[in-house]
Amino acid sequence: MASTPHCAEHLNAESPFSSQGFTAKSPRMTQALLTPDAKLAAAPVVEAAAQPGGQSKKVFVKTYGCQMNVYDSERMGDALTRDGYESVDSVEAADLVLINTCHIREKAAEKVYSQLGRLAKLKKQRNAEGGDLMVAVAGCVAQAEGSEILRRAPVVDVVIGPQTYHLLPEALNRARRGERVVETDFPAEDKFDGLPAAPEKSIRARGVAAFLTVQEGCDKFCTFCVVPYTRGAEVSRPVDRIILEAERLASAGVREITLLGQNVNAWHGKGAGDREWGLGELVRRLAQINGIERIRYTTSHPRDMDEALIAAHRDLPELMPYLHLPVQSGSDRILKAMNRRHTAADYLRLVERIRAARPDIALSGDFIVGFPGETDADFEDTMRLIAEVNYAAAFSFKYSIRPGTPGAGMEDQVDEAVKSERLARLQDLIAQQTRAFGRDCVGKVVDLLLEKPGRNTDQLIGRSPWLQPVIVDAKLGEIGDIVRVRITQPGTSSLFAEVVE
Ligand code: SAH
Ligand code: SF4
Ligand code: F3S
């Protein structure tokens, strides 16, 4: 899924071990918060990872899939750093390769095996030279295929599913003793409680916009989707853990947080006074944290978009006016077969309510073309819905059969050529809408969060409230600053802007 907003595409989502140093500066970021983490202190200390001769171990992490994988890779990276690993940015320089995988479509899952084939060659070469290479497979392919991965790819030492990452250091120790490890249970304990919090240095290195997973798993069981099987049931992280983590991020220079969840707006928890909170209340509380200037969240399900969250969009300047709200199809017949549990009209009414609360909100979505049984008329319904909503961006895919999901067994699978033709038409319409959205931004005065250096040394790249990358003169400020600019021209994938006097 090379370019969905769920992907490792976020500005902040280069290598989770990116060595790019950011020196974030935030005028409002004065309150240092270094509350010791009791659970962390109690985390088991694993065997030192230093090799004989005192050399440190080197790990290369490759992340596929959604932002939740990016976040998980960061947390696993923090655990490995604690255990003496140093991150490197190539497979060749690594003693341990950790691949965090995605199972959402067939292509995504198959990528893993071609990667493992290359690693097998490297390991053979290393062994011939008296060295070694350890390989761990994490993520949704690990969960879906478990020991099958060990069978298909003998190079793999550890297979570890998304809910057992706190067991990674121990699994690596077991593998070092010669065991081939598979950890794919859904344990009762929260993996995040067993993983160390990011050290300040790592947070700073990752930049001024950070991910924070607040919810995991899915109970919706759309008939095309593997996520409920690979990530398990919907679980919300507790309010106090989320606040603590957001405060740590803020005190290390983070100014924008993106709350993550497979169904992030299904998040709920016990807030102040033991009251049950939804995501709207959580966002309100997080907006009070000194230093956190911008909040986003993704991905939302239309059914979980409640009044409190819509009101948060109306009331909170910190909540950015951009919402990823996948609908998948515009045909009620197909939506029913997909088990989406909403109609096209429900979705359109919801969009109307959200826009009434926050008129400048930009919407993005996900679409699947060629779901089993989709006729030309169903597809035209989808095109009509897109025309009606007018998206700022959207991500679209040909239906991919996923083993074990109800869709896989459905009759009337759609011909590949038909899927391709529908996808091309749909993407063309979305591209027109995205271009028009960019053009409409010209002349607008917006606040940019400066996030990273541009391609040219005299440029910086910031994000608009609508998630667009905007290129500005580097003299405008420093990374971490929020500057007011006027959009001057649209580019192919970014905008240009100048300072407002
Ligand atoms: N939880 C999110 C989406 C997670 S997966 C939601 O409910 O919207 C991200 C996107 O991948 C989905 O929105 C869907 O458009 C796409 N997708 C999921 N399964 C797919 C499949 N079998 N074939 C093609 N696209 C798929
Ligand atoms: Fe998959 Fe549907 Fe759950 Fe989204 S809501 S993760 S598409 S099953
Ligand atoms: Fe892929 Fe798993 Fe995310 S299947 S999209 S990595 S939840």
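Residues numbered from 1 in each chain as written. Chains lettered and ligands numbered in written order. Predicted model: local features only at pLDDT ≥ 70, side-chain atom pairs only at ≥ 80, totals over all residues.

Attention shifts here to the overall build of the protein. Within the protein, the secondary structure is distributed over 15 helices and 21 strands. Per-residue burial over the protein gives 49% buried out of 501 residues. Here the contacts in the protein between residues at least 6 apart in sequence split such that 74% fall between residues at least 24 apart. (Helix = DSSP H or I, 4+ residues; strand = E, 2+ residues; numbered from the N terminus. Buried ≥ 20, exposed ≤ 12 C-beta atoms within 10 Å, placed from the backbone. Contact = placed C-beta atoms within 7 Å.)

So, on to the confidence of the model for the protein. One rule of thumb: low pLDDT means the predicted coordinates there are not for detailed reading. Averaged over every residue, the pLDDT of the protein is 89; residues scoring 70 or more account for 89%. Throughout residues 1-50 the model reports pLDDT below 50, and contacts reaching past four residues in sequence, or to other chains, amount to 106 contacts. (pLDDT = per-residue confidence, 0-100.)

Turning our attention to the site of ligand 2. As a structural note, the neighbourhood of ligand 2 is formed by Cys218, Lys220, Phe221, Cys222, Cys225, Val227, Pro228, Gln262, Asn263 and His301. Across the shell around ligand 2, the residue classes break down as 6 nonpolar, 3 polar and 1 charged. (Near = placed C-beta within 6 Å. Nonpolar A, V, L, I, M, F, W, Y, C, P; charged D, E, K, R; others polar.)

With that settled, the discussion passes to the site of ligand 3. Taken together, 15 residues are adjacent to ligand 3, and Gly65, Cys66, Cys102, Ile104 and Cys140 come closest. Every element with two or more residues in the shell around ligand 3 is listed here: helix 2 (67-82) and helix 8 (227-231). Top contributing element to the shell around ligand 3 by residue count: helix 8, with 3 residues. Residue assignment places the shell around ligand 3 across two domains, with domain 1 (38-183) and domain 2 (197-320) each supplying three or more. (Domains from an automatic or database assignment.)

Moving on to the pairing of strand 18 (residues 459-463). Relative to strand 18, strand 17 (residues 445-453) runs antiparallel, the two being bridged by 4 bridges. When the sheet's bridge partners are listed, Leu449 is paired in strand 18 with Arg463. Between strand 17 and strand 18, which pair antiparallel in sequence order, lie 5 residues. When strand 18 meets strand 19 (residues 469-473), the two strands line up antiparallel, connected through 5 bridges. By the bridge assignment for strand 19, Gly462 is matched with Val470. What sits between the antiparallel neighbours strand 18 and strand 19 is a turn of 5 residues, in which Leu467 has the positive phi angle 75°. (Pairing = 2+ DSSP bridges.)

In this sheet, strand 21 (residues 495-499) lies alongside strand 19 in parallel orientation, the contact comprising 2 bridges. Counterpart to Val470 in the pairing with strand 21 is Leu495.

All right, on to the sheet that holds strand 2 (residues 85-87) then. Spatially, the 6 strands line up as an open sheet ordered 2-1-3-4-5-6, and their pairing is parallel. Strands with a single pairing partner mark the edges of an open sheet, and in this sheet they are strand 2 and strand 6 (181-183). Averaged over all pairs of adjacent strands, the angle between strand axes in this sheet comes to 20°, irrespective of strand direction. Here strand 5 (residues 158-160) pairs with strand 6 via 3 bridges, running parallel. If you follow Ile160 over to strand 6, its bridge partner there is Glu183. Docked against the sheet, helix 3 (residues 106-128) engages strand 3 (96-101) and strand 4 (134-139), running at close to 170° with respect to strand 3. (Axes fitted to C-alpha atoms, helices over the stretch in contact; angles between N-to-C directions.)

Over its 16 residues, helix 2 extends 23 Å from the first C-alpha to the last, a length consistent with the 22 Å expected when each residue adds 1.5 Å. Burial within helix 2 is extensive, with 12 of its 16 residues counted as buried. Three or more residues of helix 2 are buried, namely Gln67, Met68, Asn69, Val70, Tyr71, Asp72, Ser73, Glu74, Arg75, Met76, Gly77 and Leu80. (Expected span 1.5 Å × (residues − 1).)

Attention now moves to the sheet that holds strand 10 (residues 256-260). As summarised here, the arrangement of the 3 strands in space is 7-10-13, forming an open sheet in which the pairing is parallel. Of all the strands in the sheet, the pair left with one neighbour each is strand 7 (209-213) and strand 13 (294-298). On average, each strand axis in the sheet is tilted by 25° relative to the strand beside it, whichever way the strands run. The pairing of strand 7 with strand 10 spans 5 bridges and is parallel. From the neighbouring strand, Leu212 faces strand 10, where its bridge partner is Leu259. Against the sheet, helix 2 contacts strand 7, strand 10 and strand 13, and its axis sits at roughly 95° relative to strand 7. Here helix 9 (residues 239-251) sits on the sheet and contacts strand 7 and strand 10; the angle it forms with strand 7, its principal contact strand, is near 165°.

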